[in-house]
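Structural characterization, general
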Amino acid sequence: MHSNWRDCQEWRSEGLPLSTTSNEACKMYDATLAQLLGFYNDSSVGGMQKSADKMVEADPNFIMGQTWSCLLKRYSGQLTWRDAEFQTNVDDLVKRAETAEITGRERKHVNAAKLFADGYSIEACLAWEKILVDYPTDALAVKLAHDTYLDLGYQRQMRDSVARVLPYWKTTKPLYGYLLGMYSFGLVETDLYAPAETMARKGLEMNKQDIWSSHALVHVLEMTARYEEGIKFLNSTRNDWTTCDALAYHNFWHWALYYLEKGDFDGALGIYDAEVLQRHNLGCKSEQGVKLHDAASLLARLEMEGINVGDRWDDVYEYCRPIIDSHVRCFTDIHMLMACHGAKQKELGQNLMESIRDYIRNTKGSNRDITQSGLPVFEAFEAYNDEDYGRAVDIIHPIRYDLVKLGGSNAQRDVFNMFLIHAALRAPGRYYQNLARQLILEREALRQKTPLIDQLMAKTVTAHMD
């Protein structure tokens, strides 16, 4: 992993000057950037948040240091519309940037950070892309656009954003390897599995601890139904990717999904108990939403298969209860509703829905607009929870191909595919049973025949007998 942090002169020599005379501030900028790209906390600098703090301490007037503080708060789930102090901090940063002697690139970063903090994620991506037109080796802009495109479900943009700038990077440039993992992930999300696998393995050749390359390869193996190979890969490389504490739990979630597809529900639960749950409160705050997605969707999928998960929902419910009004992402709110339903907390689920409607009425921004478009999904999950399975199908089936707009990866959104199948299986009437069978056949065509598909198909026979 990159650890020879770059000073003022080195940043200037790369055509990315930073407006500070503090070498320490520049080095901590580099350290924070490397940890963000690598999903890890470097103990030599005290972790990502600490290195960001040291950046500001080294030069309190360093505009990019202050920008980092804004970005990390946003990554941890803060938004200006519900945090007056954060709003003041962001506004002060923008005012200081207007008069400070900084580069045009840095000023653009400040403006993009404000859009991001205000809940205008689409607009923030456009701002980062403008930076990359003139500065294609700006790793911060590459990473921020990549992560936000994933949150938005902008798959082609996520792929092409990296493809455009990768030729400008020398293989010897610090952090180069991380772009291979990002490009691989964009490829796999646009169903280009062979080149995605090649790129992921190339990234791992450069850095075996690059968890984003590992993660991209895990997606390839899942989407090509190579579940046994996926389990062996994760097991054999476990000591490499678990060093990346900010995302290791997510690879364990994928490990559990392999077991699900194999029909080994005990194996999936074992991974959940030993790793997903235990790591739920570990790592950096920037991935809190993904932790909730992983836990809630895995338990929901197990319950759909008829598995009694006991009181496991209680931990997930307690995790999301304090942030029920945060509304950082529609995708996260949907998983909060799953947790409310799973924990049998109907009142909190109703409160969540009221809070979402208030958020839509009283705020602005592209994030808010996405949540408004996602309202039918919430309604479908409520119908399912009320055992009105036919209504759940009728709501979500016509919009199933639009759900990519809610964000997340294809693997993460697969919970909606399984939700639709199980709602159709449970709904009364031959139409719904026929639909369930066809949805399962569709899944088989894409993922080949698996034990899970066999079990689902057996349920259609049972349903017809009933």
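Residues numbered from 1 in each chain as written. Predicted model: local features only at pLDDT ≥ 70, side-chain atom pairs only at ≥ 80, totals over all residues. Heavy atoms only, no water.

Check the secondary structure of the chain and you find 26 helices and zero strands. In terms of C-alpha radius of gyration, the chain reaches 22 Å, essentially the compact-globule figure of 23 Å for 466 residues. Its C-alpha atoms give the chain principal-axis dimensions of about 75 × 50 × 35 Å. Put simply, the chain has 466 residues, and 60% of those count as buried. (Helix = DSSP H or I, 4+ residues; strand = E, 2+ residues; numbered from the N terminus. Rg over C-alpha atoms; globule rule 2.2 N^0.38 Å. Buried < 20%, exposed > 50% of the residue type's maximum accessible area, 1.4 Å probe, protein only.)

Moving on to empty space enclosed by the protein. Taken as a whole and assessed by the stated rule, the structure comprises three cavities of 30 Å³ or more. Those elements giving two or more residues to the lining of the largest cavity turn out to be α2 (23-38) and α8 (139-152). In terms of residue class, the lining of the largest cavity is made up of ten nonpolar, one polar and four charged. (1 Å grid on protein atoms, 1.4 Å probe; cavity = no way out; pocket = protein on both sides within 12 Å on 5 of 7 lines; lining within 4 Å. Points joined across faces, edges and corners; volume = space filled by probe spheres on them. Nonpolar A, V, L, I, M, F, W, Y, C, P; charged D, E, K, R; others polar.)

Here the focus is unusual backbone geometry. Positive phi is not limited to glycine here, since Ala-225 has a value of about 60°. As for its placement among the helices and strands, Ala-225 is situated in the loop between α12 (211-223) and α13 (227-236). Phi at Lys-344 takes a positive value of approximately 60°, unusual for a residue other than glycine. With respect to the element layout, Lys-344 can be found in the loop between α19 (330-342) and α20 (346-362).

The biggest cluster of nonpolar side chains holds 172 residues, and the ones touching the most others in it are Tyr-29, Trp-128, Trp-313 and Phe-416. In this structure, Trp-128 is in contact with His-109, Ala-112, Phe-116, Ala-141, Leu-144, Ala-145 and Thr-148, ignoring residues within four places of it in sequence. (Core = buried A, V, L, I, M, F, W, Y, C linked by side-chain atoms within 4.5 Å. Contact = heavy atoms within 4.5 Å.)

Moving on to the environment of His-327. Residue position: His-327 is located in the loop between α18 (312-320) and α19. Residue classification places His-327 among the buried residues on the basis of a relative accessible area of 2%. When the C-alpha positions of His-327 and Tyr-359 are compared, they lie 7.6 Å apart, and in sequence the two are 32 residues distant. His-327 has contacts with Leu-79, Trp-81, Asp-333, Leu-352, Ser-355, Ile-356 and Tyr-359, leaving out every residue within four places of it along the chain. A distance of 2.8 Å separates a polar atom in the side chain of His-327 from a polar atom in the side chain of Asp-333. (Polar contact = N/O pair within 3.5 Å; in protein donor to acceptor, adjacent residues only side chain to side chain.)

Right, let's get into the packing of aromatic side chains. On inspection of all chains with the given rule, the structure shows 19 aromatic pairs. Measuring from ring centre to ring centre gives 6.0 Å for Tyr-75 and Phe-116, while their planes differ by 70°; the resulting arrangement is edge-to-face. Highlighted residues: Tyr-75 in helix α4 (residues 63-75) and Phe-116 in helix α6 (residues 104-117), separated in sequence by 41 residues. Summarising the aromatic geometry, the rings of Phe-381 and Phe-416 are spaced 6.2 Å apart at their centres and angled 75° between planes, so their arrangement reads as edge-to-face. Within this pair, whereas Phe-381 is found in helix α22 (residues 375-385), its partner Phe-416 is found in helix α24 (residues 410-426), the two being separated by 35 residues in sequence. (Phe/Tyr/Trp six-rings, centres within 6.5 Å; stacked < 30°, edge-to-face > 60°.)

Our focus in this paragraph is the side chain of Asp-59. Structurally, Asp-59 can be placed in the loop between α3 (48-58) and α4. Among buried charged residues, Asp-59 stands out as having no salt bridge; its nearest opposite-charge side chain is Arg-96, 10 Å away. A polar atom in the side chain of Asp-59 sits 2.6 Å from the side chain of Thr-20. In this view, Asp-59 contacts Thr-20, Thr-21, Ser-22 and Ala-25; residues no more than four positions away in its chain are not counted. (Lys, Arg positive; Asp, Glu negative; His and termini not counted. Salt bridge = Lys/Arg side-chain N within 4 Å of Asp/Glu carboxyl O.)

Moving on to the environment of Ile-360. Tracing the chain through its elements places Ile-360 in helix α20. Residue classification places Ile-360 among the buried positions, given a relative accessible area of 7%. Here the alpha-carbon distance between Ile-360 and Thr-371, two residues eleven residues apart in the chain, equals 7.3 Å.

Contact geometry for helix α7 (residues 121-134) and α8: axes closest at 9 Å, N-to-C directions at 150°. With respect to α8, the element α7 is oriented roughly antiparallel. In this structure, the crossing between α7 and α8 has a hand that is left-handed. Only Ala-141, Val-142, Leu-144, Ala-145, Thr-148, Tyr-149 and Leu-152 of α8 make contact with α7, whose side of the interface consists of Ser-121, Ile-122, Cys-125, Trp-128, Glu-129, Ile-131 and Leu-132. Partitioning the contact of α7 with α8 into residue classes produces eleven nonpolar, two polar and one charged. (Axes fitted to C-alpha atoms, helices over the stretch in contact; angles between N-to-C directions. Parallel < 35°, antiparallel > 145°, perpendicular 65-115°, else oblique. Left-handed = near helix turned anticlockwise from the far one by under 90°.)

Below, the discussion takes up the side chain of Arg-329. On the secondary structure map, Arg-329 appears in the loop between α18 and α19. For Arg-329, a relative accessible area of 15% translates into the label buried. Residue contacts for Arg-329: discarding those within four places in its chain leaves Asp-151, His-293, Leu-406, Gly-407 and Gly-408.

Now for the environment of Asp-333. By the element assignment, Asp-333 lies in helix α19. Residues Asp-333 and Ala-141, spaced 192 residues apart in sequence, show a C-alpha to C-alpha distance of 27 Å. Not counting the four nearest positions on each side in its chain, Asp-333 is found in contact with His-327, Leu-352, Ile-356 and Phe-378.

Just distances and angles here, no functional claims.
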